Each structure stands twice: as C-alpha cells, then as structure tokens.
Amino acid sequence: MTGWTPRRAHFWRLLLVPLLLVSPVTAPAEAQQPSLLSRLDASSRYQIEVLMDSAARLGLPPEALMSKTLEGISKGAPGSRIVQVVRRHFASLREARAALGVDITLDELSAAAGALQAGVPRTSLAALHTNRKGSSILMPLVVLSDLVSRGVPPDDASSAIVSLTQRGALDSDFAGLRRGVETDILSGASPVTALDRRTREFPGRGAPGARIPVVPTPPRQETPSSTQ
Amino acid sequence: MTETKAVALVAMALLVPAQAASAQLASRLEAGALVSGSGSGLSENAFAVRPSLRFDAPRYTLVATGSAWHLGNDWQLADGTASLALSSPSAYGLHAELEANASRIAYDAGLASDQLDARASVHMLFDQKAGIWLGGGIDRPVQVSIVSAVEVTSGGAWTRIGEATLAGSVTNFAFSKAGTLQDSSGVSGCAVSSSTPAQIGSGAPPGTSKAAPAQSGSDCQRQSRFSDIEGSLEWSIGPLEVHAQGGYRVGDVLNAMDDSRRWGGATATYWVSSQFAAVFGGGREPGNPARGLPARSFANLGVMLAYVPIPRRAIAVTSTAAVTVFQVENAGYGHRTLILRAGGVERVEVMGTFTDWEPRMLTRIGRDRWEITLPIDVGVHQINVRLDNGKWRPPPGLPAMRDGFNGDVGIWVVE
C-alpha cells in the first residue's frame, strides 16, 4: 500500500485505540433510551413519541412519559398496554397542572398525577395546595397515593389528608400516619378503620398554619373516578 | 490410603473453590478442641477437624458432615452424618418439612453407634416476622442393643426483632433402655452387661454403671424421658453473624446428669467476601443419653466457603422469600448504597427512575445482605425490587402507589 509506513500505522493505532476504548463507555448513556424504546412495536413507539411531543408543547415534562414507558417495557407489559398507561399518565399530568398551576415542582406534579390516577378528586389536590401555601405538597400527595393503594377509598383518604393539612400537619406527621395505618392494616384492621383511628390520634398543631380550605372537599357522589 | 491422608485430602478438596462445583454447593471446614469430662470413656482432650458439604435446592437440602479426631499421634474418623430435608410449598402461611438422617459415631474400630432419624414438622408463619412449629419423629439406633427407638416430639416459636431472630423450643425424648442397679424407676435386679456396646448406649457415662452379669435387655427395660428447653439468638451486624444458644434439661438424674443440665455456646461467622467466611466459637453441649455421648466443651475455628445459594438458617424462618429490610446509606459524590435483606434467594434486582428502569443486580454480602451503590439524585424516585426473577414489588417501609401495570411501585424521597 502506497505510503503505508510503520510510522503512519503507529499514528493510526495511537488514534484509534483510545477511540475504541472510549466509545463503549460513552455510547450507552445516549443510546440507552432509543435501544429500550426499540423493544416496543413500531405502532406503540409512534404513539408514545406523539404523546411526548404533545406534552412538551403543553409545558409538561416529556421525560415523565418516557419514564413510564421504560417502566412498562422493563415490567414486560405489552405495547398496547404501555400506550394506554402513558396516555392516562399524560392526561393526569395535564389535569394536575390545571389543578395546581405552574407554581409547583416536577416532583409535586408527578406525585399529583399519581394521586389523580389513584382516584383522588382534583378538588382535593387544589385544597391541599391552598392549605399548604408556601410549603411542599409532595409528602401529603405521596401519603395520599399510598393510602389509596392500601385499600382506603380515595374520598376517605383525601378527606383525611386535607383535614390534616388544615390542622397544620407537618411532613413528619404524614409519614407517621402512613406507618401507623400500615401497621394497623398488617395487624388485621380494615384500611378505613386504620385511617380513622390514626387520624383521630393526631392532636393538631394549633391554629398558626391552619385555616379552612378555600376549595372544599366535594361530596362523594360527585367523584365518578372514586372506586366504591 | 491411610486415614490421615484421607482426612487431609477431604480438607483440601473442600477448601478449593472448584469451578466445576454446583452453584448450589457450600462447604465448611472447622478445626477445634473437644474437651470431655474425666471418666467419660472418651479422650479428655482431642483436636478435631470437621468438614461438611451442603447442597441446597428450593425444596430440598442434602448435607454430609464428618469429623476426625487427633488422639495421641493418630488421626481417627469420629463420626459421619448424611441428611436429607424436604420442604413443602407454603399455603396460607403453612408448610411442612420432612427430614431424614443417617449417622455413625465411632470412637474406635470396635466401638461404633449407628442411628437413623426421621422427623416431620409443620410450620406456620406470621407475616414473615414470627412463626411457630410442631413436630415429631423417631430416632432408631442400630447396633446399640440396649436402646429402643427414641420418640422425639418438639415445638417452638421464633420472632424477628430488627436484625435479630429469637427462638425458643421444647424437645421431648422418650425411649426404652435396659435398667441398671441405679434405676430410679423402681426396677431392681436388672443390670446391663459390662461389655463395651452397653457402655456406649447406657446413658450414663461409660464406666459409671455397676456391672452385673449379663441379662436380656428385653426382660428389664425402663422408660427414659427427658426434655430439652432451648433458646437461641441469631443476630446479623453487617458482615458479622452471631448465633448463640443455651438450654436446660429436665429429667431424672440418669437421663439428665448434672453436667448436662445446662449448656450454652456461641458461634460467630464473619463474611470476608460474599463466598468466604471465618467461623469461630465455643461453648458446652449436653450429653446424649440415647447414644452414650457425654457432655463436652468445645472450641472451634474454621472457614466456610459458600457457593450460591448460601445455606439457609437452621430455623426455617421463611418459606416465601421476601425483602425484610430496605436501607440507604450515603456513599458520597452523589452516590447512594441501597441495602436489602433477603434470605434464601439467589438473585436480587432493583430498578427505578434512577436507573431509567434498567434492572440492576445487587451483590450479596454475607448470608442475606444485598448491596448496590448507584448515582442517585436528590428528589422523588420510583423504585421496585424483585427476588429470583419474581414480581417487581416496592421495597418494605416505603410508600407505594399503583404502577398501572398490575403492580405497585415504591415512592422514595431522596433528601
């Protein structure tokens, strides 16, 4: 080969070896999500991408939809099911944004979307936000979703959590409430009884931060999403 | 091949982590001192080597153990045991276990005792945190003419408190044996032969029975009965596992001699790596009247080589594997170490928003501690764990919510 001297070969070796060594380290970080999405069938993948575009246009975090997609893939859900779940998550994010406005963090928005999907009424989210003006509603939302997943009807759980925020409950109080309800349920109490008992035990933290919510908790019959 | 060479070969084979060995194999080699009381018929002090081999499968366990004593200038094979334990699937918190053992104790070529044991037990679990069991069985001595089958009944309970497991049990032994002149049951005029087989099974230490002319054992039997009340504690502190136990024997003086009334001991296992542990311990064990074993003090030091899975605990704590503890430690530079406790499993994985939902396998440290260190940002994360390719579940202690895929996901607030 013309001009292919040992010196030139050495040069290319010096250039290529580091490139080869670096490429497997840097490539997966960027290629990871496309490779995971490629496990979806073409139709599902297209629908997910459309939803993510729509989310971005509405100022909602498309990464939340991507995360839900990846979760479904890793859990072995079929493509159609993943699309269904992501679509519902998108709708919940939009509804949470409408209920809470833009003055919340992405974590709070995601937690609120999760609570809505669990059946928590939208008005309860607004009540929480109003009651805890100035403080994060993340922990109340997390506990609210947890209570519903343990079998407490969404309306009962919402009423209890909203009531606690009115009474000035702190994040640690919500965490304690969740642990107490969990313990009672494991001991054989029904979820409703456990929540009722633990809520009554809460002494309240006095008037300073407590006030009547601006948006009241709606009556039960007006919440079609609740699971009765 | 001499016995010395055989012992050395077995010991070396167990110490080498053979690549061809099954992944479900564990071996253990201990060396230590045995100290018996004077007049027991055994050497008062002996150096003992005790290798063991264990094969665990989800529904059965095979164990082979042996020991060799160094007496004077000679090695001597002392005992050997082969065991098979079967476990049934769990239903409504209940499961059954069957166990069979064959063992031989040999003090020298002319003095040996064989025994076949069969035991059955029923276990009930309460939320993986406590349990009770009831069981019974037959121990059948062979070549020991003066002892009948031993009827064994037992029951106990255990509970887990934090990292510790507490257990208590009562085991009752009942068997017939030839009467002696010292018989407390009122039978008189019967005596056992002073021949050596009689000594090994007389219950009292060999040499203490007053010899009389031989008489048919069947003509002069008495019921022996005693009960052992035992308590034990297992405690895991990081890579260190401590097992301590103590007991009290209830029975008449022939079956529960003074030196076997109370006993206790402790063993510590320190896991240097996920497959290598140092074992050391000591204590006192009671005599075995059915086989003529005297009470002994012991001290041991050894190593344990474990292949996957590591042998389950002596107490059947769980039948359905579950994560019992979830902890997080800050590892610095934005990394966090997730620590899970799950016994009796071969594989533990975690995934969540912090891994882009890519499953990551944890590394086993010790018997049931699993760890992984990952870069995890401050904020709210969703997290799932799974055992042995089972269902993805939220870790214990975290709030959870429905994931939309017929399961739950843990919500983890990282601060």
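Residues numbered from 1 in each chain as written. Chains lettered and ligands numbered in written order. Predicted model: local features only at pLDDT ≥ 70, side-chain atom pairs only at ≥ 80, totals over all residues. Heavy atoms only, no water.

(A) Representation of the sheet that holds strand β19 (residues 363-365) of chain B within the structure. All names here are of chain B. Strands sit in the order β15-β16-β20-β19 across an open sheet of four strands; the sheet is antiparallel. On the outer flanks of this sheet lie β15 (325-332) and β19, each paired with one strand and no other. Direction aside, neighbouring strands of the sheet carry axes that sit 30° apart on average. Relative to strand β16 (residues 335-341), β15 runs antiparallel, the two sharing seven bridges. Residue pairing across strands places Asn330 opposite Arg336, the latter belonging to β16. (Pairing = 2+ DSSP bridges. Helix = DSSP H or I, 4+ residues; strand = E, 2+ residues; numbered from the N terminus. Axes fitted to C-alpha atoms, helices over the stretch in contact; angles between N-to-C directions.)

(B) Local environment of the packing of helix α7 (residues 138-149) of chain A against helix α9 (residues 171-186) of chain A. All names here are of chain A. The geometry of α7 relative to α9 is characterised by a closest axis approach of 9 Å and an angle of 10° between their N-to-C directions. As summarised for this structure, α7 and α9 are arranged roughly parallel, according to the angle between their axes. Residues Met139, Pro140, Val143, Asp146 and Leu147 of α7 touch α9, and the partners they reach there are Asp171, Phe174, Ala175, Leu177, Arg178 and Val181. Grouping the constituent residues of the contact of α7 with α9 by class yields eight nonpolar, no polar and three charged. (Parallel < 35°, antiparallel > 145°, perpendicular 65-115°, else oblique. Contact = heavy atoms within 4.5 Å. Nonpolar A, V, L, I, M, F, W, Y, C, P; charged D, E, K, R; others polar.)

(C) View of the environment of A:Ala169. Residue and element names in this part refer to chain A. Looking at where Ala169 falls in the secondary structure, it is placed in the loop between α8 (154-166) and α9. In sequence terms Ala169 and Pro140 are 29 residues apart; their C-alpha atoms lie 9.3 Å from each other. Setting aside residues no more than four positions away along its own chain, Ala169 makes contact with Arg132, Leu164, Phe174 and Phe202.

(D) Seen up close, the pattern of salt bridges. Following the criterion strictly, the structure yields 18 salt bridges over all chains and no others. Here A:Glu182 makes a salt bridge to A:Arg150, at a shortest N to O gap of 3.6 Å. Within this pair, whereas A:Glu182 is found in helix α9, its partner A:Arg150 is found in the loop between α7 and α8, the two being separated by 32 residues in sequence. Note on A:Arg150: relative accessible area 24%, which makes it partly exposed. Connected through salt bridges with shared partners, the residues A:Lys68, A:Glu71, A:Lys75 and B:Asp403 form a single ionic network. (Salt bridge = Lys/Arg side-chain N within 4 Å of Asp/Glu carboxyl O. Buried < 20%, exposed > 50% of the residue type's maximum accessible area, 1.4 Å probe, protein only.)

(E) Representation of the environment of B:Gly366 in the model. With respect to the secondary-structure elements, B:Gly366 resides in the loop between β19 and β20 (369-375). In this structure, the C-alpha to C-alpha distance between B:Gly366 and B:Phe276, residues 90 residues apart in sequence, is 8.6 Å.

(F) Layout of the confidence of the model for chain A. Residue and element names in this part refer to chain A. Considering every residue of chain A, the mean pLDDT works out to 76; 73% of them sit at 70 or more. A low-confidence stretch, residues 19-32 stays under pLDDT 50, and its non-local contacts, those more than four residues away or across chains, total five contacts. Note on residues 205-228: pLDDT is under 50 here. Beyond four places in sequence and across chains, it has 41 contacts. (pLDDT = per-residue confidence, 0-100.)

(G) Spotlight on the sheet that holds strand β23 (residues 408-414) of chain B. Residue and element names in this part refer to chain B. An order of β18-β17-β21-β23-β22 is seen for the five strands of this open sheet, with the pairing classed as antiparallel. Looking at which strands have only one partner, the edges of the open sheet turn out to be β18 (360-361) and β22 (400-402). As paired elements, strand β21 (residues 379-387) and β23 share five bridges and run antiparallel to each other. Bridged to Gly379 within β23 is Val414.

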